[in-house]
Amino acid sequence: MPNRQNFKSKLTHKVFGTIAEISDGQNLETYVIGGFVRDLLLDRKRENYDIDIVTVGSGISLARDVASAINPKLNVSVFKNFGTAMFKFDNIDFEFVGARKESYRSDSRKPIVEDGTLEDDQKRRDFTINALALSLNKDRFGELLDPFGGLDDLANKIIRTPLEPGITFSDDPLRMMRAIRFATQLEFIIEDKTLEAITEQAERIKIVSMERVMDELNKIILSSKPSVGFKLLDKTGLLPIIFPEFVKLKGREIKQGISHKDNFYHTLEVLDRICPNTDNLWLRWSAILHDIAKPATKRFVEGQGWTFHAHNFIGSKMIPGLFKRLKLPLNEKMKFVQKMVLLHMRPIVLSEEEVSDSAVRRLLFDAGDDIEDLMTLCEADITSKNADKVKRYMHNFRIVRQKLQDLEERDAIRNFQPPVSGEIIMETFGLSPSREVGMLKAAIKDAILDGLIHNNYEEAYNYMIEKAKEMGLSPVK
Ligand code: CTP
C-alpha cells in the first residue's frame, strides 16, 4: 500500500480546521494520532472516544489557543508535568501533547523533558496501528505519516510494535495487556516476535498497578469473543500471574475410567456464549466466576464419580477476596456477582425436574429483580455436547420463563414484602421478639411461595391464626 495517502475527507470535525488555522499561523507541525486515526481508518464506530493531537512544539499552548478560538469560555485542563493539556468539546476529549523523544505513557509519573520530532514520538508509541498520524497543516491536511507500516498492519490485521518489542514492552509493560486487548477487540493477530516478547517479559506485568491491568482485562471481557483474549493471556503466561484462580480450573482428571470436563475451557465457552445476550460487564464476570470453586470442592466419590459439592456456595464466598485482590469494586456489583454464582445451578436443577409453580416462585423469591440475568447465565452454561440433553434443558428453560411470566403475583414475589409484619404477629399473640415470631413469619412466606395462599393481608392473617393454633398460641384480645 502506498504511504502517501490522504484522508482529508475523513477529518470532518470542525476543530481540525481550527487546529490547522492556528498551527499554520504559528508555524507548528501538528498531527492527529493514535486510537482515533486507527479507528477512523478501520471505519470503526465508537460511542466515546478521545482525539489525540501531537504538535512539534508546546501542546499546552496550542491547546489553549485552539480552545479560546472555539469558545473563549472553554475550560482547558493542563498537566504541566506531563506536558499535556485537554479540553472537552462536543462531548469529545481533545488531548494535546508536544512530540516527545521518550516513551508515551498515559500515567507516567516522570515529567516530560525531551522534545522530539514526529517520528521520535511515533516510534515510542505502543503499536504500529496506534502510531499512524494524519497531518493537520493546511497544505498537507489529511496526509498520512506512517513510517512503521501501520496501514499495512491495519489491512493485514496485525499487532506489531514500532521498535524491537522488548523495548516497547519494557517502556510500559501494560502494553502486553494492550496487545492482547487490541487483538481480541479488533480480531487481529499478534505478530510472532511481538508475541514472543510478551511471553519473555510476562513477569514484568507485576510492576503495573492492578487497576490498569483490570481496565484492560475488562475491555477484553467486553469484546464480542473474550475467550480469544483469555487464551492469549494464558499462552503468554500473563494469566497465571494476574488471575491464578482462573488457571486452576484447567485440566481433566481421570479415575476408574471416569473423567470430568475441563472447567477452564468450559468457562470460556460459557463466557463467549453469554456475550450475544448481554453487555453487562458484571454478568460476564459472573460467567467467568460461576465455577471458580470447582477445584476447591472437587472429590471423587465411589459409585458417584466426580462431585463438586457446594461449589456455588463456596464460589460465592470466594468473591469478596478475589474482587479485593483484583481491585474490582466492592459494592453492589460484587454482590450481584456473588448472587449469580450462588444461584447459578438453581434453574438447571429446576429444569431437570418437573417445573412446578412453587419451585418457580421460590426461584423468583431468591433471585428478585436479577431473575432475567440469572436465566441468561444458566442458558449460557448449557454447553453439553449431548444434543438431546441440551434440547431438554432449553425446552424446560422456556417453560420456566413462561411460568415466570404467567405467575400473576410475579412482582409481589420478586420484591417480596411479608404481608403480615413481625410487629403484627407480636401484637396479635402478645409475644416479644422470639423464635415463634420467626417461625410464623417463615410459615406465611412458605405458604405464599407454595401457592397455598395469596400474597395479601387477609389470607396471610387467617393463615397465621391457623398456624399459631397448631403451635399452641392463641390471640390476646
Ligand atoms: N499509548 C501508548 N502506550 C500506552 C498507552 C497509550 O503508546 N501504554 C499511545 C498509543 O499511541 C495510543 C494513544 O497513546 O493510541 C492513546 O492511548 P489510549 O487513549 O489509552 O488508547 P487508544 O489507542 O486511543 O485506544 P482505546 O480508546 O481503544 O483505549
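Worth saying up front: this structure is predicted, and the values here are computed from it rather than measured.

A.B. asks: I keep staring at the nonpolar core and nothing clicks. Help me out?
C.D. replies: Inside soluble globular proteins, nonpolar side chains tend to come together where they are buried. By size, the foremost hydrophobic cluster in this structure holds 115 residues, and its most contacted members are Phe16, Val32, Phe243, Trp285 and Leu289. Considering every element that reaches this core, the biggest residue donor is helix H7 (residues 174–186), with eight residues. For Val32, the contacting residues outside a window of four places in its chain are Leu11, Phe16, Val37, Ile51, Asp52, Ile53, Leu132, Ala133, Leu134 and Leu136. Core analysis: the next-biggest nonpolar cluster, separate from the first, contains 16 residues, Ala447, Tyr463, Met464 and Ala468 among them.

A.B. asks: I would appreciate a short explanation of a nonpolar patch on the surface in the present structure.
C.D. replies: On the surface, Phe313, Ile314 and Leu342 cluster together into a nonpolar patch covering about 230 Å² of accessible area. In this fold, Ile314 is placed in helix H16 (residues 311–325).

A.B. asks: Explain the packing of helix H14 (residues 281–289) against helix H17 (residues 332–343) to me, please; I cannot follow it from the model alone.
C.D. replies: Between two packed helices, what matters for the description is the angle formed by their axes and the separation of those axes. Closest axis-to-axis distance for the H14/H17 pair is 9 Å, and the angle between their directions is 45°. Relative to H17, the element H14 lies oblique. Classified by chirality, the crossing of H17 by H14 is right-handed. In contact with Trp282, Leu283, Trp285, Ser286 and Leu289 of H14, H17 contributes Lys333, Phe336, Val337, Met340 and Val341. Split by residue class, the contact of H14 with H17 holds eight nonpolar, one polar and one charged.

What counts as what
Residues numbered from 1 in each chain as written. Predicted model: local features only at pLDDT ≥ 70, side-chain atom pairs only at ≥ 80, totals over all residues. Heavy atoms only, no water. Core = buried A, V, L, I, M, F, W, Y, C linked by side-chain atoms within 4.5 Å. Buried < 20%, exposed > 50% of the residue type's maximum accessible area, 1.4 Å probe, protein only. Helix = DSSP H or I, 4+ residues; strand = E, 2+ residues; numbered from the N terminus. Contact = heavy atoms within 4.5 Å. Patch = residues over 30% accessible without salt bridge, like charges linked within 9 Å, V, L, I, M, F, W, Y side chains within 5 Å. Areas by Shrake-Rupley, 256 points an atom, 1.4 Å probe, with all protein chains shown as cover. Salt bridge = Lys/Arg side-chain N within 4 Å of Asp/Glu carboxyl O. Axes fitted to C-alpha atoms, helices over the stretch in contact; angles between N-to-C directions. Parallel < 35°, antiparallel > 145°, perpendicular 65-115°, else oblique. Left-handed = near helix turned anticlockwise from the far one by under 90°. Nonpolar A, V, L, I, M, F, W, Y, C, P; charged D, E, K, R; others polar.

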